[in-house]
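Residue strings, one per chain:
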Amino acid sequence: MKFKTITNEELETLPFDDIAYIILKEKGKKMKISDIFKIICDTLNLGDEVFENQIGDFFALLATEKRFIQLEKGYWDLRENHTAEISIKEIEDELDDEILPEEFDDKEEDEELDYYDDIDDMDDDKEDDDLKDLVIVDEGYEDESEL
């Protein structure tokens, strides 16, 4: 759909984000948000007052719309024009560097295993010793002297 071929009646029924999409699609390049909204206001004969009062709302609209992406220096473009190239190998290398520093030593790993082995070998009898001084009071006695 070409922007110039759309009638004013059709444009008036379209939301601003759809019109912005058509403009960016037709231009094929990034644009400043003020330039996009100025084209919309001029085409719909909305005037400078509407431009000034609604440019913030237009920004919020594009910021929440997934079809658009904000670029540096105030430029906007269609998200479909920008793809992220992700290298799984690079991500794995970064993660390996963060998790396993080069200074990591096998000796340290062995020490950690010994620590946990010692915990597993501990006697559970210590817990029983904590309960040896426990006194059970039967509610049937009115006075502790009867115990």
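## Description of a nonpolar patch on the surface
Part 1: The grouping of Ile88, Ile91 and Leu95 at the surface amounts to a nonpolar patch, some 270 Å² of accessible area in total.
Part 2: Structurally, Ile91 can be placed in helix H5 (residues 88-99).
Part 3: The class for Ile91 is partly exposed, based on a relative accessible area of 38%.

## Topic: the packing of aromatic side chains
Part 1: Inspection of every chain in the model, using the stated rule, returns five aromatic pairs.
Part 2: Judged by centre distance (4.7 Å) and plane angle (25°), the ring pair of Phe37 and Phe58 falls under stacked. Of the two residues, Phe37 is situated in helix H3 (residues 33-43) and Phe58 in helix H4 (residues 47-64); the sequence distance between them amounts to 21 residues.
Part 3: Taking the relative accessible area as the measure of exposure, Phe37 reaches 0% and is therefore buried.
Part 4: A relative accessible area of 2% places Phe58 in the buried class.

## What to know about the packing of H3 against H4
Part 1: For the pair H3 and H4, the least separation of the axes is 10 Å and the interaxial angle reads 125°. Of the possible angle classes, the one that applies to H3 and H4 is oblique. When the axes of H3 and H4 are compared, the crossing they make is right-handed. In this structure, H3 uses Ile33, Ser34, Ile36, Phe37, Lys38, Ile40 and Cys41 to contact H4, whose residues at the interface are Gly47, Asp48, Val50, Phe51, Gln54, Ile55, Phe58, Phe59 and Leu62.

Analysis parameters
Residues numbered from 1 in each chain as written. Predicted model: local features only at pLDDT ≥ 70, side-chain atom pairs only at ≥ 80, totals over all residues. Heavy atoms only, no water. Patch = residues over 30% accessible without salt bridge, like charges linked within 9 Å, V, L, I, M, F, W, Y side chains within 5 Å. Areas by Shrake-Rupley, 256 points an atom, 1.4 Å probe, with all protein chains shown as cover. Salt bridge = Lys/Arg side-chain N within 4 Å of Asp/Glu carboxyl O. Helix = DSSP H or I, 4+ residues; strand = E, 2+ residues; numbered from the N terminus. Buried < 20%, exposed > 50% of the residue type's maximum accessible area, 1.4 Å probe, protein only. Phe/Tyr/Trp six-rings, centres within 6.5 Å; stacked < 30°, edge-to-face > 60°. Axes fitted to C-alpha atoms, helices over the stretch in contact; angles between N-to-C directions. Parallel < 35°, antiparallel > 145°, perpendicular 65-115°, else oblique. Left-handed = near helix turned anticlockwise from the far one by under 90°. Contact = heavy atoms within 4.5 Å.

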